[in-house]
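# Notes for the structure review
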Amino acid sequence: MSAETTGSRDFQYWRLRFRAWRGSRPFWAGLFTMAGGVPIAYFPYANMHLGNITLAMSTTAGAGSLIIGVLLVTLGLTMWFHSVVRTFAGVAAILLALISLPVANIGGFVIGFLLAMLGGALSVAWVPSKAKGPAAPAAGPAPEGPAPSAGDETVPGPREGQPGTAATDTTVDANGGRNSAG
């Protein structure tokens, strides 16, 4: 270590790193999707105690609820760590949230359903930001000759002697685009 470094990274450094990491992926989409998977997987196996009364919310679809909840958590992690497949993960999260309505206690008592739907929609809608800064020049060699004006690069003007056609080196050699096999 040199004399300028402190040896440890302060909170600000880690906060800025997390902020940069969070901005390069659909963070909130993954978080909502994972948060939606937890109640869907939890409620079919939960027992609520109201005084001396125990309410068991176990249903026959407990395994289906567990599978849907685990898949939603997996899709949320996929959104975070493989943001290239964010559209697939978002559509899959929306479909699993819809399937959870009849299978998993009305989608985890609507809480898990709404969170998973929101996460899937955010994932489908998320687009990576464009790089900030000046545009890089083209990597090729500089063209020789005078620089073209703004109007030269769009549509060529009419050809000499013919109205509405353009005269260039290639069109003159190609006989104006006419087929010579006739």
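Preceding block: the structure.
An account of the accompanying structure is given in this report.

So, how was this worked out
Residues numbered from 1 in each chain as written. Predicted model: local features only at pLDDT ≥ 70, side-chain atom pairs only at ≥ 80, totals over all residues. Heavy atoms only, no water. Core = buried A, V, L, I, M, F, W, Y, C linked by side-chain atoms within 4.5 Å. Buried < 20%, exposed > 50% of the residue type's maximum accessible area, 1.4 Å probe, protein only. Helix = DSSP H or I, 4+ residues; strand = E, 2+ residues; numbered from the N terminus. Contact = heavy atoms within 4.5 Å. Axes fitted to C-alpha atoms, helices over the stretch in contact; angles between N-to-C directions. Parallel < 35°, antiparallel > 145°, perpendicular 65-115°, else oblique. Left-handed = near helix turned anticlockwise from the far one by under 90°. Nonpolar A, V, L, I, M, F, W, Y, C, P; charged D, E, K, R; others polar. Phe/Tyr/Trp six-rings, centres within 6.5 Å; stacked < 30°, edge-to-face > 60°.

### Some points on the nonpolar core
Ile 40, Ile 68, Leu 72, Leu 75, Met 79, Ala 93 and Leu 96 are the most contacted members of the largest nonpolar core, which has 14 residues in total. Elements supplying a minimum of two residues to this core: helix H2 (27-42), helix H3 (62-81), helix H4 (86-103) and helix H6 (111-125). Leaving out residues up to four positions away in the same chain, Leu 72 has contacts with Thr 33, Met 34, Gly 36, Gly 37, Ile 40, Ala 93, Leu 96 and Ala 116.

### A few points about the packing of H4 against H6
The axes of two packed helices give the description: the angle between them and the distance between them. Relative orientation of the contacting elements H4 and H6 amounts to 160°, with a least axis distance of 7 Å. As summarised for this structure, H4 and H6 are arranged roughly antiparallel, according to the angle between their axes. In the crossing of H4 with H6, the sense of the turn from one axis to the other is left-handed. Of the residues in H6, those in contact with Arg 86, Thr 87, Gly 90, Val 91, Ala 93, Ile 94, Ala 97, Leu 98, Ser 100 and Leu 101 of H4 are Phe 113, Ala 116, Met 117, Gly 120, Ala 121, Ser 123 and Val 124. When the residues that make up the contact of H4 with H6 are grouped by side-chain class, the tally is eleven nonpolar, five polar and one charged.

### Some details on the packing of aromatic side chains
Taken as a whole and judged by the stated rule, the model has twelve aromatic pairs. Ring centres of Trp 21 and Trp 80 lie 5.9 Å apart, and the angle between their planes is 75°; on these two criteria the pair is classed as edge-to-face. Linking Trp 21 in helix H1 (residues 11-23) with Trp 80 in helix H3, this pair joins segments that are 59 residues apart in sequence. Look at Trp 21 and you get partly exposed, because its relative accessible area is 25%. When its relative accessible area of 14% is taken as the criterion, Trp 80 is described as buried. Ring geometry for Trp 28 versus Phe 32: centroids 6.5 Å apart, planes at 40°, classification tilted. With a gap of four residues between them, Trp 28 and Phe 32 both fall in helix H2, about one helical turn apart. By relative accessible area, Phe 32 is classed as partly exposed at 26%. Ring pairing ties together the aromatic residues Phe 18, Trp 21, Phe 27, Trp 28, Phe 32, Trp 80 and Phe 81, which thus form one cluster.

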